[in-house]
Structures are given as C-alpha cells and as structure tokens.
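Commentary on secondary and tertiary structure
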2 protein chains.
Amino acid sequence: MTSHPIATSHVFSTILTALLLLIHSSATATATALPVNVWPKPTSISWSSPYTIATLSPTFQFDSPSSPSNHYLSAAVARYHRLISSERHRPIYDTTTTNFSTSPTPLQSLSISVVDLAAPLIHGVDESYTLSIPNHSATAANLSAATVWGAMRGLETFSQLVWGGRRRVPVGVEIRDAPLFGHRGFLLDTSRNFYPVEDILRTIKAMSHNKMNVFHWHITDSHSFPLELPSEPGLAAKGAYGRGMRYSVADVGRVVQYGYEHGVRVVPEVDTPAHTGSWAGAYPDIITCADKFWWPAGSPWADRLAAEPGTGQLNPLHPKTYEVVGNVINDIASMFPEPFFHGGADEVTPGCWKADPSIQSFLSQQNGTLSQILETFINKTLPIITSHNKTAVYWEDVILAPDVKVNPAVFSPEHTVFQTWNNGPNNTKLLTAAGYRVIVSSWEFYYLDCGHGDFLGNDSQYDRPPTSSDVDSNGDVDSNGGSWCGPYKTWQKVYNYDITHGLSEVEKGRVLGAEVALWSEQADGAVLDARVWPRAAAMAEAMWSGNRDEKGIKRYAEATDRLNEWRYRMVGRGIMAEPIQPLWCLRNPGMCNTVKPFVAQ
Amino acid sequence: MTSHPIATSHVFSTILTALLLLIHSSATATATALPVNVWPKPTSISWSSPYTIATLSPTFQFDSPSSPSNHYLSAAVARYHRLISSERHRPIYDTTTTNFSTSPTPLQSLSISVVDLAAPLIHGVDESYTLSIPNHSATAANLSAATVWGAMRGLETFSQLVWGGRRRVPVGVEIRDAPLFGHRGFLLDTSRNFYPVEDILRTIKAMSHNKMNVFHWHITDSHSFPLELPSEPGLAAKGAYGRGMRYSVADVGRVVQYGYEHGVRVVPEVDTPAHTGSWAGAYPDIITCADKFWWPAGSPWADRLAAEPGTGQLNPLHPKTYEVVGNVINDIASMFPEPFFHGGADEVTPGCWKADPSIQSFLSQQNGTLSQILETFINKTLPIITSHNKTAVYWEDVILAPDVKVNPAVFSPEHTVFQTWNNGPNNTKLLTAAGYRVIVSSWEFYYLDCGHGDFLGNDSQYDRPPTSSDVDSNGDVDSNGGSWCGPYKTWQKVYNYDITHGLSEVEKGRVLGAEVALWSEQADGAVLDARVWPRAAAMAEAMWSGNRDEKGIKRYAEATDRLNEWRYRMVGRGIMAEPIQPLWCLRNPGMCNTVKPFVAQ
C-alpha cells in the first residue's frame, strides 16, 4: 500500500491554509494553543508570547551525556533523531501565513538530563518529564526526566512539536507532564489468527507514539499455540498454525528488547486452564473435551463446551498437567523479564470439564465441585508464578464468574492483579472494594474487534426476507449486527469512558489503568492498524491526561480535530490508522459538529 | 505492510494437511467438488473421474490467435500469464496427500477462441464462456467465449484453478458459465476523502478477480471536487483538496483504460443539483446555501440545509448554472466512453434552496414549487446527457423523495435507469413496476461504510455515565453504534440479499444488477481494501451465480469456507481483505458452525 505515504504527503502539502482557521478557533478556546498538536495532550503546556517559531538547525542534535550509559535511552535518542530528520508532517497550522514571529537563530540542540538512569521499566515507574524550549533559541532546549522512560515520553512530545518541510518548532514553550495512570495498554490475541513479528513491532512503535506502555500479549489460546518453548517444544510443534507461524525464543527476545527501547512493557499471557485446546496436539491426555463441537445441537447454552468454537481445557486432576504448566510458566518467566505474568483463568466452561471421565467420577464421588477443581489448579500454579517474583494477573472471571470460581482468599492483593472486562465499571468497583488492584478492559468500551458481525459458520441470523417489515429500524436482522459485543466501539466511546466511575478515592488508587483489546477472530495483519488506530490513541489520551478539560468538562469535542490531525501524522509515520472524518472537517473547523442534543432512551 | 505477503505465504505453506479434511467434507456434499475453489462459483462445473491433477508445463502458454487484433484481450492474456506464473496460493486441498491420480503429461497450453472480437464492453454484453481442460493433458485446454469480455471471465476462472508451488491444475474439468446479472458494481466516493489513482486501479483489479464489471465512480460531492475538467478548470482548482489530490484528464484516461483491460466499465457520477458545495469555490453565484452550518442550532431536522455537514446545491434558477453543468457534462461525456452517465439527483434538501433569495422570491411569487424547480433542472440537463447518446442514471430520490421530486413522466424508460438505496426491495418494486430499469444499492445490505459510528464532531451521544443501568443490552449508547446506517453489513448479510425479492418475472427483467457502495466520510486509502473485501466478493457471487444451491437453498453455509479461502488468495494477490474467521475454522471444517436457530424477534 505504498500509495498511502504519497497520499499523505499530498494531504499535508495542501492542508495548510484552511487549517489556519482551526488553530485560531482553538487558540481562542484554550490558553495553551500551540501551533502543533501533541497527542496525548500534555498535562500542562504553555507557549508564552511573543509567539515565536524557530527552525531546527541543520546540525540540530540531542545532547544527552548520560545516553551512552543506557542502551535504551541511546536507542531512543537515535530513533527520535531519525524521526525528526525525516518528519514530513505539517501541523494544523501554517506559520508562514501568520504574524507569529520567527526566531532569527535556529534551535541547535535539546539537552536531555535523567536523574535515575537505573530505574527499571515496571509498573509505576516515574514517567514524568519537563520540556523547556526557550524563546532565545540560541540556547539549548531542555528535557528533564526522573527516569529514562520519562525521557522517552518527553522525546515523543518534542518530536510532535516539530514539523516538516523546513523543520520548525515553537519556542518559548514550557511543558510539565506526567501520566494519570501507570498502566496504558493494548492487548493483542495472536492465537486465533497469527501476526508476524513485524506487525507486533510496528504496533509497539505506534504505542510509544501514543505514550502507551504495556503490550499485553495474549500469546496462546485454543486455536493455536504459536510460542516455541525450550522445555515444551511440542506445544508449538503440534499447536502452532505452521512452521512459518510461530514465535521463536529469538523472536520473543526481539519483541521484548524492542519494547524496552520504546518504553513499552511486554506482559505475556498464556491463558489457562481454559482456552487451551491447542495444547491437545502435544498433550491429548491433559486436555478435556478437546476437538469437540463447541455447542452440541439441541443442548442449552449452559451445556456448551466452550465460549466459542475451539474447545479444550486443562485437566486440573491430571498430575501431568502441572508438569507441563510448570515448564511453560518457567520458560515464559525467563523469556519475559516483565514482573507481571498473566495467567488468564477466564471463561472456564463447566461443560468441558463435565465431559471428562476423570472429572465425572470426581464429581460423582462427591469429592468436590468444579469451583474446587479450578481452585486446585490455581493453588498449584499461582505459586509457580510467584516463585519467579512475578505479580500474577488474572481475568476477573476467576473470582467473579457466576458458576466456576475460586475463593478470593486464595488471592493476596500483594501478589495478584485482576483484569476486568464485564459489566462496565461495576466489576472494577467490586474488585477494588475488595482491596485488589485492577486493570480495566470493559468490553462495552474497549474491545476493538467488536461490531464486525459474528464469525460463526452456517449462521441463519443473516438470512431473512429483505422486506422492510422483516427488517428492524436499523434495517438489520439484529441491531448489534450479530456480534455478541457489537456494535463497533467508536473512538468517542473509548475516549469518554471513565474507568474509575463510582469508585471511592481509595478504590480509585487501586486502578492501575486500562487496556484496549483486539481479539483476533476476525483480525490479522491485514487489518491490524485500522482496527487499533486511532481508537487506542483515544484511550491513550484518556489514561495519560484525561478526557476532561480544565473545567472538568468532557473534551471530546475539542479532541476531535486533534485526533483527526494526529491520525494523519500517524499515517505519515507508517501506521495505517482509520480516518474519522472527511478531510473537509479539518478544513472547516466546527462545521462538522452536530447540535443534536443526546436524548436518553 | 510488506509483512503480509510473507505472512500469507506462510499461511499456505502450513495450511495444507488440515485443509484436506475440508474438501473431503465438501466433496461428499456436492457433485462438483474441485480441488480448488473458484470465486464466484461458476454456474456449471464438473470434474469427471478419474479425478486427475496435471502440472502446468514450464513452457505453458495461452494460445490466442485473435489476441493481437484486440488490445484488451492481449493485455488480459499477458496479465493472466504473469499471474499464473507468480501464483503462490495453495488451495484448500493437498493433492499430494490424496489418491487422486496425477497426469503423466503436463498441460501445455490453453487455447482461447472468441467469436465476436468487436463487441464493446457495455451493459448486457455477453460474458459467457466455456472452459474445458481435457483429461489427456497432452491436448490443449480450451476457452471459448462469445466476446473478449467473456474470455476475460474465463481467464480469471482458469487462474483460480491453478495453484502454486509446482503449478498444478485439475484436468477433466468442464465449466459452462455466465452471469445472472449484467451489472455487478462497486461505488467509490472520492470526494469526502481522496483516493490516489493507485488505490482505484488496485480496486478495479480486485473487481476483475471477482468478475465484477462496473466501477461506479462517485467523483464529486460537496466536500471536494477532485476532477480536472478542460472546460471548467476552476472547479478542481478551487474545489479539490489540493494539487496532489486531483484526477487529471490523463489520470481518468488511465483508469478508463485499465478498466477496459480488466473488463470493468467505469461509470462516472457527478452528483447534481445537490451535493455540490465544492463547486462554490469557482462559482459562488450558482450555489445556494454554500458554506453554511448544515443544521442550524434549535432548528428541526426538516429545516436542515444538507443531509450532512457540507452544504450547497446548484441553483436551477440561475442561467449560469446550465452553462457550467453543460460544460461539465460535455467534458465528462468525452472523458468516459461508457454509455451510462450518472447524474446523481439524490438528497435535494429543501432548506438549502429555501435559504436562497432568488428561490425565496420565486416561491413567494407563486411561480412554482421546489419540485418544479428540480424538474426545471432535470429538464435542462437530462437532454445534455442524452445528446451524447448516454443513458442517464439517477438516484431513486429524483422521483421517490418524500418532498422534492420530479414527475416521472419526465423520465423515459428507454433513456433512464434508477439506482435504489432506500427501503430495501420496496423501491425496486415501485420502479420496476413503473417500467424502469433499476440498479440496486440498498443501504441496509450494501453500504460498506456503515457501522463505524458517526463522524460528526461535538457529539454527546457517546458520552454517558458508564454504569450498566445506563448502558443498554448491547452495552452501548445506542444499538447501531451511532451511525445512521449501522450496524456493519456483514458478508453474510450482503451475500443473502435477494435483490429481486417480491418482483414479478417482468419486473425482475428490469433489474440490471447491484452495486455495493463505499461512502468515504470515514474511509480513504488507508482502509479501502479491508472495507471493501471480501464483502464485495460476497455480492459478486450472488450477482454472478446466485446465493442458492441447486435445490434453491441459500448456500451461505457452504460459501463460508470458500469465501474464507478466497480471501486468502486475494491477500496473496495484494488485496488486504478482512479475515472473516480464525484460520482454525478453515483447518477444522464445520467446527465453527453454529446450531443456534434464528429466532425472529
């Protein structure tokens, strides 16, 4: 799709005049109006008059004395130097057509100072920074950060202050910035469909541009096991989609390293005990209901064998299970330095365990319940995770599921984090009230895959007589388009979600942050960028500086033009993000608004 | 996104064994089970036992004596020779693991015979062909067609019978094929957002792979006027998004030529008299309500100035209007040899004309109604279209709109075709019953842009307290996701639509065919392929050989695996189509089906 960059540059070479209008409107609207747009919007940003623009010196450089001693910082500095050198993007502003003064002297350098070069990239690390670009551009601009990771955020901000053509940057700028939430993530499911490593790296790069810092890698599931493990080579050999569709140890190392260089933690998830059908190729004995039809004809939903096609759950009563799971956890713990380890534990389906003879006899002999069987699994595997000094992350289901769930006493708040995905903010409330730390991924707001229909075959719901009497008010067979989690989550819906809604201050303190998720039943590399961007960027700003203005009013209206313009810069950087409006709307600020008040049904 | 072809080849190098299962199941299911999948499915296809596979000779060639005398045929032959030579796709079948016999002699050539080399590419041209690949592959395979265009369809079929690696093809195959509908189109809106010529060419190529034959080019609208016209250079100079975002006369010639070489007609639409805001840059005098806010605050929907942001309609009372429209029509008539000319005429908004002083006085002086004003416009412009021996195509609105519409007597069935988009099949019934020919583009089934939310700014509908009590059963603010035409139209919904539902035989004869449409408020080159494919392919098969099996039963279930596999071949050919299922579903035929019966609400 080589035509896009070309198209993009055209866009910018032609976008200038009209865009002038835009910044005027927003300049009057906010005190911090800059000639360029920084996404996510910094916490505090000021541009003091006389509003002045400087060019970047042809010999512009980053002055970073401490870089040599830190590989990740030096890699970031080199990367941003390349990015700024090749930046062609023009902001929603044209200084050439304004009366803003131009500095006689080009900006020579940005000096970077980091207090603590040793601070590791872990949850809660200080990502704050201050960026100062003096009005007298003869003197160097200054980026100060407590850590390497904060410096990377500041470098990203600086890169977005620069625009292409003759490289220019506003001077007299002071930015003080830090994130509201420490966990700003994206989940990618690489089991239902495979993604080449290049797609993952490109996504991590895009995350860093949006100051996101957690790549939640849902590596395995029932559909494929693409991860090659030294102690359990059979799992990928038998469970991957194929030789070319596996992640080698070297691939994982590349992703992890790339993550550090971009300030993005890579949190691995190997979902257990459910969602393990792909393990059956190597270990048929330890997987219950493997390769069965997921929902036997005529049987009620309650008797299904899995949440969707692709059956199979680890058998907690089989000793071999723990040998294999132990090897898997140990390998992954060493492959991923990240302190968080995601154990999954979502959607344990009763029917699948009940279909297994050993579990049947266990139940019939009154030895215990399915919940106790799950508890046995957790009690035997959680210690393996914590033995590596990892914090275990589990999906909320493991203690909130209606049927099969574990006694919360099993999970200590110090070693366990829960990820919520059901019931909007209510489950977040339940878990934080119980003292647990929470990562929010509510499907109603953050599931990026939803809204493209259902993937099931032989589905009669889409076949109805096309007479209007048979078609509902949406002209559709069912109003969410047939996907359980439809409709599509718009960027505004993502942006507006308040993840701490209804929480006390103490409870709010237990919300680590959020993740948008791309489950891959109907996604792969062909659609990755457009499915994720710019909607993940909408969450990124909400998690970094919030979704409200200084007055506490939701700022989605003001954010529209900024996100639209940021989308174009992302495309220019090689991320094929979705357009959110006609270009005409950027050219005609405010003209694409609606005055229709929302009427609650 | 260079990683995709790699990913794709991986997919196929690893897909083979399991796919064997699939063909077994379908082989038992249908009599015409071939080792390869041809999309759209041919009308009649047989493979006689002993089922035999032959390799293509390294010196395989197309023997096409008449090619030299027809540029389009020779271009197609050369193209398919290249495609077959570079084909890497492996079908849902692995002959190496079956007992099918392999022919000792490779297939040497396909000889192509065309009866009428002069038949032009116009609606209704004979696209039938027969393809015969003898069991004794020493003898040449045979492709016979009445016209060059039918030969192109047969070449496409042959290319899909060949698979990569060691190039192989089934022999003992007889195919007799012809389309159910002569008009199988795709509409692209290049005004709301711009598409580089390369995107249009790639789309036309993908259309030819799906035997689609009409590219409906909605070139201009209120948002931009990207078409450079010799007689009216000001329209693009003032109305295009920018210098790099225009189609030159040479660009149009390239698209038209490329279309002919692929058997795809290029039907131009310049929407008038509404949707012409972009004309105001060059001619402010002839555009009413130009550059106004589309829906004044507090005013009722009935008083809006346009259907969406981007106002402006040609003023039928201004003499200059006809001078400009005349020049536009004359230029376009000569730039596009295609006999159909689309005049638009949709969504004339009363408020926009009522806002104009000249029209206000016309109305106040009882000189006529808005409908009569529209009729004046049609009466003065339709003859210009027909003077070029063009068939005028209009949107249904021009005679079916509730408010502003024209007396049907103005339109003769011989010179006019209507395109329906509202009210499912009901408007098709109305128009065909009145004797008109119809092209079906019902938004409820065929609008590919729908389901991604609304593009309006400052839209409060997406901001509600995220408590479950405030969230409806879909967890959403409103169940169609906020876009007027949501939800997303799934491939199944597109596939199942019976465009002649409820019509008499005579009325059915007046349905030329159908078009899926991509309106571009939220689309541009970054998302083009995934928005269009494989859903347009679903319509393509329904229009070519239908959506039912030999018994008249809807065949969406059987089509799922075929479309899934075809999607992968399209990706291999450089079309970044959406995945419709986990790869696991292709590996495990039938296992992704649902047994849930559809329950009408």
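Residues numbered from 1 in each chain as written. Chains lettered and ligands numbered in written order. Predicted model: local features only at pLDDT ≥ 70, side-chain atom pairs only at ≥ 80, totals over all residues. Heavy atoms only, no water.

Quick word on the pattern of salt bridges
All names here are of chain A. Counting across every chain of the model gives 52 salt bridges over all chains. Note that Lys429 is salt-bridged to Glu507, the shortest N-O span being 2.7 Å. Of this pair, Lys429 sits in helix α12 (residues 426-433) while Glu507 sits in helix α15 (residues 505-508); the two residues are 78 residues apart in sequence, bridging distant segments of the chain. Residue Lys429 is classed as partly exposed on the basis of its relative accessible area, which comes to 32%. (Salt bridge = Lys/Arg side-chain N within 4 Å of Asp/Glu carboxyl O. Helix = DSSP H or I, 4+ residues; strand = E, 2+ residues; numbered from the N terminus. Buried < 20%, exposed > 50% of the residue type's maximum accessible area, 1.4 Å probe, protein only.)

Description of the packing of aromatic side chains
Residue and element names in this part refer to chain A. Evaluation of the coordinates by the stated rule reveals 62 aromatic pairs over all chains. Members of the aromatic cluster, each reached through a chain of ring pairs, are Phe186, Phe194, Phe215, Trp217, Tyr247 and Phe336. The cationic tip of Arg265 hangs over the ring face of Phe340; the distance from NZ or CZ to the ring centre is 4.7 Å. (Phe/Tyr/Trp six-rings, centres within 6.5 Å; stacked < 30°, edge-to-face > 60°. Lys NZ or Arg CZ within 6 Å of the ring centre and 35° of its normal.)

Observations concerning the side chain of B:Ser57
Take B:Ser57: it is sitting in strand β1 (residues 44-63). You can call B:Ser57 buried: its relative accessible area is 3%.

As for the pairing of strand β7 (residues 183-189) of chain B
Residue and element names in this part refer to chain B. Burial analysis of β7 places seven of its seven residues in the buried class, which makes it a mostly covered element. Of the two faces of β7, the one lined by His183, Gly185, Leu187 and Asp189 and the one lined by Arg184, Phe186 and Leu188 are each fully buried. When β7 meets strand β16 (residues 511-518), the two strands line up parallel, connected through six bridges. Each residue of the ladder has a partner; that of Leu187, found in β16, is Ala517. (Pairing = 2+ DSSP bridges.)

Things to note about the sheet that holds strand β7 (residues 183-189) of chain A
Residues and elements named next belong to chain A. The strand order β7-β8-β9-β12-β13-β14-β15-β16 describes a closed barrel built from eight strands, whose pairing is parallel. Across the sheet, the mean angle separating the axes of adjacent strands is 30 degrees when strand polarity is ignored. Lying over the sheet, helix α17 (residues 535-544) contacts β7 and β16 (511-518), oriented at roughly 175 degrees with respect to β16. (Axes fitted to C-alpha atoms, helices over the stretch in contact; angles between N-to-C directions. Contact = heavy atoms within 4.5 Å.)

As for the state of the cysteines
All names here are of chain A. Summed over all chains, the structure comprises six disulfides over all chains. What pairs with Cys450 in a disulfide is Cys485, and their sulfur atoms sit 2.0 Å apart. Measuring handedness by torsion sign, the sulfur bridge of Cys450 and Cys485 sits at about -105 degrees and is left-handed. Of the two residues, Cys450 sits in the loop between α13 (443-446) and α14 (491-496) while Cys485 sits in the loop between α13 and α14, which places them 35 residues apart along the sequence. Taking relative accessible area as the criterion, Cys485 reaches 2% and is therefore assigned buried. By sequence order of its bonded cysteines, chain A has the disulfide arrangement 1-2, 3-4, 5-6. (Disulfide = S-S within 2.5 Å.)

Some words on the sheet that holds strand β14 (residues 416-420) of chain B
Spatial ordering of the closed barrel is given by β7-β8-β9-β12-β13-β14-β15-β16 (chain B), a layout of eight strands whose pairing is parallel. The average angle at which neighbouring strand axes cross in this sheet is 30 degrees, direction not considered.

Let's talk about the packing of helix α4 (residues 197-209) of chain A against helix α6 (residues 249-261) of chain A
What describes two packed helices is the angle between their axes and the distance between those same axes. Residue and element names in this part refer to chain A. The N-to-C vectors of α4 and α6 enclose an angle of 10 degrees; their axes lie 10 Å apart at closest approach. Relative to α6, the element α4 lies roughly parallel. Side by side, α4 and α6 meet where Val197, Glu198, Ile200, Leu201, Ile204 and Lys205 of the first sit next to Asp251, Arg254, Val255, Tyr258 and Gly259 of the second. Taken together, the residues of the contact of α4 with α6 sort by class into six nonpolar, one polar and four charged. (Parallel < 35°, antiparallel > 145°, perpendicular 65-115°, else oblique. Nonpolar A, V, L, I, M, F, W, Y, C, P; charged D, E, K, R; others polar.)

So, the UniProt feature "active site" (unreviewed entry) in chain A
Residue and element names in this part refer to chain A. Here, UniProt's "active site" (unreviewed entry) annotation points to Glu347. Residue Glu347 is classed as partly exposed on the basis of its relative accessible area, which comes to 27%. Every residue in contact with Glu347, bar those within four places of it in the chain, is listed here: Ala274, His275, Ala307, Gln313, Asp397 and Trp421. (UniProt positions renumbered as here; feature names shortened; annotations may be inferred.)

Side note on the environment of B:Ala307
Residue and element names in this part refer to chain B. Tracing the backbone through its elements, the reader meets Ala307 in the loop between β10 (287-288) and β11 (313-314). Note on Ala307: relative accessible area 27%, which makes it partly exposed. Between the C-alpha atom of Ala307 and that of Trp421, which follows or precedes it by 114 residues, the distance is 15 Å. The contacts of Ala307, once residues within four sequence positions are left out, are Trp294, Trp301, Glu347 and Thr349.

Points about helix α2 (residues 71-86) of chain A
Residue and element names in this part refer to chain A. Counted at 1.5 Å a residue, the expected span for α2 with its 16 residues is 22 Å, and the 23 Å between its end C-alpha atoms agrees. Among the residues making up α2, those that are buried are Leu73, Ala75, Ala76, Val77, Arg79, Tyr80, Leu83 and Ile84. Looking at the buried side of α2, the elements it contacts are β1 (44-63), β3 (107-116), α3 (148-161), α4 and α6. Between the side-chain oxygen of the N-cap and the backbone nitrogen of Tyr72 there are 2.9 Å, and the N-cap of α2 in question is Asn70. (Expected span 1.5 Å × (residues − 1). Polar contact = N/O pair within 3.5 Å; in protein donor to acceptor, adjacent residues only side chain to side chain.)

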